[in-house]
Amino acid sequence: ERGSMNQTEPYSNRILYRRDRLKAKELHQKRIRDIKSTVDSSWTPFSSGSLTKTKKYRLKRERVQKIEDDNRTLLGRMINIMSTPQNASFSHTQQSFKPKSLNRGRRLKEMTKISVENQQILERLRNKTSQYSLSRWERQYDKQKKIVRRGTFE
């Protein structure tokens, strides 16, 4: 065939060469257009991606539904609590049954000990004299200033 890719014979006419090249190009483009895919890329409602998306959507919808149910239940309880009158004797009985701490005395003793130690530390800090001397700092600063002005270092 004249327009094949393995052409070895030379053309004697420029017009014939262009015509054959054009036919070869058209044939190539037709073959590309008519090519059949070996991979099925068509969408189906049961493709793996759509299953995970629908499952995620379903799980999300179930979570939202559970939250709404819980909220509805809590709202009903709150309405019930608010609608029942609060009896003074009921609240008094609630306070009388508070559990007592078994180690209250020990905790109070420990807190007192800690407070005393903190007071002692505070007193020591207040009585401590500072190791920093402002007058000594000013003397050192003046000395450094004189040295820099003279341009000599001792």
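Look above for the structure.
Residues numbered from 1 in each chain as written. Predicted model: local features only at pLDDT ≥ 70, side-chain atom pairs only at ≥ 80, totals over all residues. Heavy atoms only, no water.

Q: Please clarify how the overall build of the protein should be interpreted in this entry.
A: Along the backbone of the protein there are 5 helices and 0 strands. Mapped from its N terminus to its C terminus, the protein presents α and β elements in the order α-α-α-α-α. Within the protein, the proportion of its 154 residues that are buried is 3%. For the protein, the accessible area works out to roughly 16,100 Å², and carbon and sulfur atoms hold 57% of it. (Helix = DSSP H or I, 4+ residues; strand = E, 2+ residues; numbered from the N terminus. Buried < 20%, exposed > 50% of the residue type's maximum accessible area, 1.4 Å probe, protein only. Areas by Shrake-Rupley, 256 points an atom, 1.4 Å probe, with all protein chains shown as cover.)

Q: How do you make sense of the pattern of salt bridges when you look at a structure like this?
A: Two side chains carrying opposite charge are able to pair once their charged atoms lie near each other. Applying the stated criterion across every chain, the model contains 4 salt bridges. Across the pair Arg-72 and Asp-69 runs a salt bridge, and its minimum N-O distance is 2.9 Å. Of this pair, Arg-72 and Asp-69 both sit in helix 2 (residues 48–83), 3 residues apart, roughly one helical turn. (Salt bridge = Lys/Arg side-chain N within 4 Å of Asp/Glu carboxyl O.)

Q: What's the story with helix 5 (residues 134–150) in this structure? I'm lost.
A: The first and last C-alpha atoms of helix 5 sit 25 Å apart over 17 residues, in line with the 24 Å expected at 1.5 Å per residue. Downstream of helix 5 by one or two residues, Gly-151 has phi in the positive range, about 85°. (Expected span 1.5 Å × (residues − 1).)

Q: What is the right way to read a positive patch on the surface from this model?
A: There is a patch of like positive charges on the surface, built from Lys-98, Lys-100, Arg-104 and Arg-107. One can find Lys-98 in the loop between helix 3 (88–96) and helix 4 (104–127). Look at Lys-98 and you get exposed, because its relative accessible area is 56%. (Patch = residues over 30% accessible without salt bridge, like charges linked within 9 Å, V, L, I, M, F, W, Y side chains within 5 Å. Lys, Arg positive; Asp, Glu negative; His and termini not counted. Charge placed at Lys NZ, Arg CZ, Asp CG, Glu CD.)

Q: What is the right way to read a nonpolar patch on the surface from this model?
A: Side chains of Tyr-132, Leu-134 and Trp-137 sit close together on the surface and give an oily, nonpolar patch of about 400 Å² of accessible area. Mapped onto the secondary structure, Trp-137 falls in helix 5.

Q: I'm lost on the packing of aromatic side chains in this one. Help?
A: Remark: the centre distance and the inter-plane angle together describe each pair of aromatic rings, the angle taken between the planes. In total, this model carries 1 aromatic pair according to the counting rule given. The interplanar angle of 50° and the centroid separation of 5.7 Å between the aromatic rings of Tyr-132 and Trp-137 together place this pair among those described as tilted. Given the relative accessible area of 62%, Tyr-132 is considered exposed. (Phe/Tyr/Trp six-rings, centres within 6.5 Å; stacked < 30°, edge-to-face > 60°.)

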